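# Coordinate analysis (summary)
Single-letter residue listing:
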Amino acid sequence: MNTASTSYDTIKHLPSIVTVPSNMTNLANITRVSHNSSNSLSSSLPNSLSVPVNANIQPDVISYYSETSEDYRGWSKSYHMHFGYFRFNGWGHFIKNIWRLEPQLNQASEEVFQKLAVKEGGHYLDMGCGYGATARLFAKQYPKSKLTGISLVASQVQEAQSLLKAESPNSINKVDFKKMDYQDTAFADESFDGVYAMESACHGRGEGRGEFLAEAFRLLKPNGTLVVHDAFTSKLHKKELHKTTGLNFIYNWAYHWLCKGWAVEDYINKEAFEAELVRQGFQEIHFKNAFWNVLPSALHMPRIILTYFLQKMLFSKDFYRNKGLRKQRINHCLGSFSAMIVALHVRRFNYYVVTARKGNNQKGISS
Ligand SMILES: C[S@@+](CC[C@H](N)C(=O)[O-])C[C@H]1O[C@@H](n2cnc3c(N)ncnc32)[C@H](O)[C@@H]1O
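Position labels on residues start from 1 in each chain and follow its written sequence. Residue-level local features of this predicted model are given only where pLDDT is at least 70; pairs of side-chain atoms are given and counted only at 80 or more, and the full residue set underlies all totals for whole chains, interfaces and linings.

Glancing now at the packing of helix H6 (residues 133-141) against helix H7 (residues 154-167). Where helices are involved, their axes are fitted lines through C-alpha atoms of the stretch in contact, as for all axes, and angles between N-to-C directions lie from 0 to 180°. Think of it this way: any DSSP run of H or I at least four residues long counts as a helix, any run of E at least two long counts as a strand, and we number them from the N terminus. The interhelical angle for the contact between H6 and H7, taken along N-to-C directions, is 30 degrees, at an axis separation of 10 Å. Taken as axis vectors, H6 and H7 run roughly parallel relative to one another. The two elements H6 and H7 meet at a crossing, and its hand is right-handed. Across from Ala135, Arg136 and Ala139 in H6, the residues of H7 making contact are Ala160, Leu163, Leu164 and Glu167. The class makeup of the residues in the contact of H6 with H7 is five nonpolar, no polar and two charged. Working definition: roughly parallel below 35 degrees, roughly antiparallel above 145 degrees, roughly perpendicular at 65 to 115 degrees, and oblique for all remaining angles. By definition, any crossing whose near helix is turned counterclockwise from its far helix by less than a right angle is left-handed, and any crossing with a clockwise turn is right-handed. Note on contacts: each residue gets a C-beta atom placed from the backbone, and two residues are in contact if those atoms are within 7 Å. When residue character is reported, Ala, Val, Leu, Ile, Met, Phe, Trp, Tyr, Cys and Pro are called nonpolar, Asp, Glu, Lys and Arg charged, and the others, Gly included, polar.

Moving on, we get to the packing of helix H5 (residues 101-116) against H6. Relative orientation of the contacting elements H5 and H6 amounts to 60 degrees, with a least axis distance of 10 Å. Judged by the twist between their axes, the crossing of H5 over H6 is right-handed. On H6, the residues touching Asn106, Ser109, Val112 and Phe113 of H5 are Thr134, Leu137, Phe138 and Gln141. Here the contact of H5 with H6 is composed, by residue class, of four nonpolar, four polar and no charged.

Counting 80 residues, the largest nonpolar core has Val195 and Ala216 as the members making the most contacts within it. With 10 residues, the top contributor of residues to this core is helix H10 (residues 246-261). Ignoring anything within four residues of it in the chain, the contact list for Val195 reads Tyr124, Leu125, Met127, Ala216, Leu219, Leu220 and Leu226. To form a nonpolar core, buried Ala, Val, Leu, Ile, Met, Phe, Trp, Tyr and Cys residues must be joined through C-beta atoms within 7 Å. Labels follow a simple rule on C-beta atoms placed from the backbone: if 20 or more others lie within 10 Å of a residue's own, it is buried; if 12 or fewer, it is exposed; otherwise it is partly exposed.

This part covers the environment of Phe309. Tracing the sequence through the fold places Phe309 in helix H13 (residues 301-314). For the pair Phe309 and Gly74, spaced 235 residues apart in sequence, the C-alpha separation works out to 7.3 Å. Contacts of Phe309, omitting those with residues within four sequence positions, involve Asp71, Gly74, Ile304 and Cys333.

The next point concerns helix H12 (residues 291-298). Every buried residue of H12 is listed here: Asn293, Val294, Pro296 and Ser297. Angularly, the buried residues of H12 cover 150 degrees about the axis, an arc narrow enough to put them on a single face. The inward-facing, buried residues of H12 contact H5 and strand E10 (349-358). The arc in question is the one spanned by the directions pointing from the helix axis to the C-beta atoms.

Taken together, 22 residues sit near the ligand, with Met81, His82, Gly128, Gly130 and Ser200 positioned nearest. For the shell around the ligand, the elements supplying multiple residues, two or more each, are helix H2 (61-67), H6 and strand E4 (146-151). A class-by-class count of the residues in the shell around the ligand yields 10 nonpolar, 10 polar and two charged. We call a residue near a molecule or strand when its C-beta atom, built from the backbone, sits within 6 Å of it.

Before going further, it helps to spend a moment on the pairing of strand E5 (residues 175-179). Should DSSP find at least two bridges between two strands, the strands are taken to pair. Sheet topology note: the E4/E5 ladder contains five bridges and is parallel. Across the sheet, residue Gly149 finds its bridge partner in E5, namely Phe177. For the handedness criterion, the β-α-β arrangement of E4, H7 and E5 is classed as right-handed. Seen with the strands pointing away from the viewer, any crossover whose path from the first strand over the helix to the second strand runs clockwise is right-handed.

Quick look at the structure:
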């Protein structure tokens, strides 16, 4: 599936207008070679064709999620903010269900519960809970267990709480939401039987998300399980990031807009994450390549962008009145289109379900 080595004549000259430092881990560092470049192609290129430079991506996660909350409503009626998970169960099932997005989103949450092996009376932590869609499913399925969801965004915490109250009023003693940074929580050591992060670890700091993993390790009870669903970059991604020929150029450009549009500084590097899991003391580390499981839900994106996003954008008064909102939502659309381009480069960027276990009587390196 990887087409990275192909090159197209039409864009073969583009490298001369951009340089990408080979040691970069953040596309914010892309720098433009002087505008006075002698290359005639560079001066005749429309701006949209050159890699966006000096964009200085410093994602503001809170404003991103505040301004794009409507878009996530378009993605999922129950406010799931992640990709789905499709389990192939024969062709009949495939043909019937591939068109239905919501069950795939629910299945992704189901996968987490299965990996955690949720037990009666256990207490679990959702690190980056969004509007609590996974937490609400948890509340219905495990009424005798507890779950705490944390998010950096206060409005998500409030909305998650009211959606839970409306849907499962009996669960409010078992499930709660708090505004907290998952890299520095207020919980005591060994508070949880399991912790999970559904497409939220991507927003953490460091290429191996050391602070996020240290906190997860600290909060887990002995034998507790960590589950992470997210997209990861590979060694090849890092190696080729400085190359700007042919498809490298398209990939790098799309990757930049993906990060910018989805408020991610730089996606997690798989090797660095794995090394960090080991360093923290996690055991039984397992990465499941979930490309084919996630793809059917990702294929719903163009339809949703074209119908919901554009409709909401073009027919919303706020879109015309509020410049900040307009910019954020356009970037969000661009990010979503770019995600589809980036996702084709499976050897550089791929989706994994990661599980790891804290052993018995283990102390983390930060304790
Ligand atoms: C893509 S959304 C996923 C939400 C939810 N897990 C879901 O799948 O529906 C990412 C979530 O991570 C949260 N987040 C990002 N950085 C965070 C941090 N440092 N601490 C806590 N939550 C964070 C965001 O507020 C958002 O709720």
